[in-house]
Amino acid sequence: MKKIVLSYEEIQKRCKLIGEQLATRYRFNDTPPVFIGVMKGAIPFLTDLVSYVDIPLIIDYIQVGSFNGTESTGTVVLKKDVSQDVRNRDIVIVEDIVDSGISMTFLVDYFKRKYQPKSVVTVALLDKKCNRKVPFELDYSGEIVQNEFLMGYGLDYRDLYRNTRYVFVPTEEEIKTWDELLGIK
C-alpha cells in the first residue's frame, strides 16, 4: 500500500459529526427520513453513519454502475432501484465517494423525476472535487481528497478490498497482483 488516506478512527469521527448534523436536521420531522445507500461501496459508511443518527429513520439501497476497473465509463446504469416508496419523503443519498459528479447528479435527478421527494440531501465520506466532470456540491462530506485511486472501507478494485476498515491508495504492484488473482491479463 502506498499510503493510508483515512484511518478507521478518522472515519468514525467523520461519521459521528455528519450523523449528529443529520439527526439535528431531521429531529422534528413528521415522518422518518429515508437513508438510501448506493451499493455496493456505501454499505460500510451507511452502516456506521446511521449508528450516529439518533432519530427514527428508514434504510434502503439503490445500485448504479459507472466504473470499469479503475476508470469511470462516464455512463451511469441503474442496476437496482429502491424497494421503499419514497414519494413525498425526505431522502438522504449516502455514497462512499463522489468523483466526477456524474453518478450523484444522475441519482438526484432520478429521484426527483421518479419519486418527487419532499427533499433530497447528499452525503459522501469522500469528495474528489478535483475530478468533477459536472458541477455538483455535496450537502455533507467527510473528507476532500486528491486525484488518487482509493480503496478500502467500501471502495474497491474489481470488488476486492471493500472490507478494509480504512481508506488507502494501492500500489501498481498490488493492482497487478489482484489482476493475476482474478485471472485478468
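Rules behind the numbers
Residues numbered from 1 in each chain as written. Predicted model: local features only at pLDDT ≥ 70, side-chain atom pairs only at ≥ 80, totals over all residues. Heavy atoms only, no water. Helix = DSSP H or I, 4+ residues; strand = E, 2+ residues; numbered from the N terminus. Rg over C-alpha atoms; globule rule 2.2 N^0.38 Å. Buried < 20%, exposed > 50% of the residue type's maximum accessible area, 1.4 Å probe, protein only. Contact = heavy atoms within 4.5 Å. Salt bridge = Lys/Arg side-chain N within 4 Å of Asp/Glu carboxyl O.

A. The overall build of the protein, seen in detail. Helices and strands together make up the secondary structure of the protein, namely four helices and eight strands. In summary, the protein has a C-alpha radius of gyration of 16 Å against a globular reference of 16 Å for 185 residues, a match within 12%. Reported as C-alpha extents along the three principal axes, the dimensions of the protein are approximately 55 × 35 × 25 Å. A total of 185 residues make up the protein; the buried ones form 50% of that total. Relative to all contacts within the protein whose residues are 6 or more apart in sequence, the contacts with residues 24 or more apart total 64%.

B. Geometry of the pattern of salt bridges. For the coordinates displayed, the defined rule picks out 13 salt bridges. Taking the shortest distance from any N to any O, the salt bridge between Lys16 and Glu20 comes out at 2.6 Å. Of this pair, Lys16 and Glu20 both sit in helix 1 (residues 8-26), separated by four residues, roughly a single helical turn. Classification of Glu20 by relative accessible area gives partly exposed; the value is 39%. Residue Asp99 pairs with Lys128 through a salt bridge whose shortest N-O separation is 3.6 Å. One end of the pair, Asp99, is in the loop between strand 5 (90-98) and helix 3 (102-115); the other, Lys128, is in the loop between strand 6 (119-127) and strand 7 (140-144), and 29 residues separate them in sequence.

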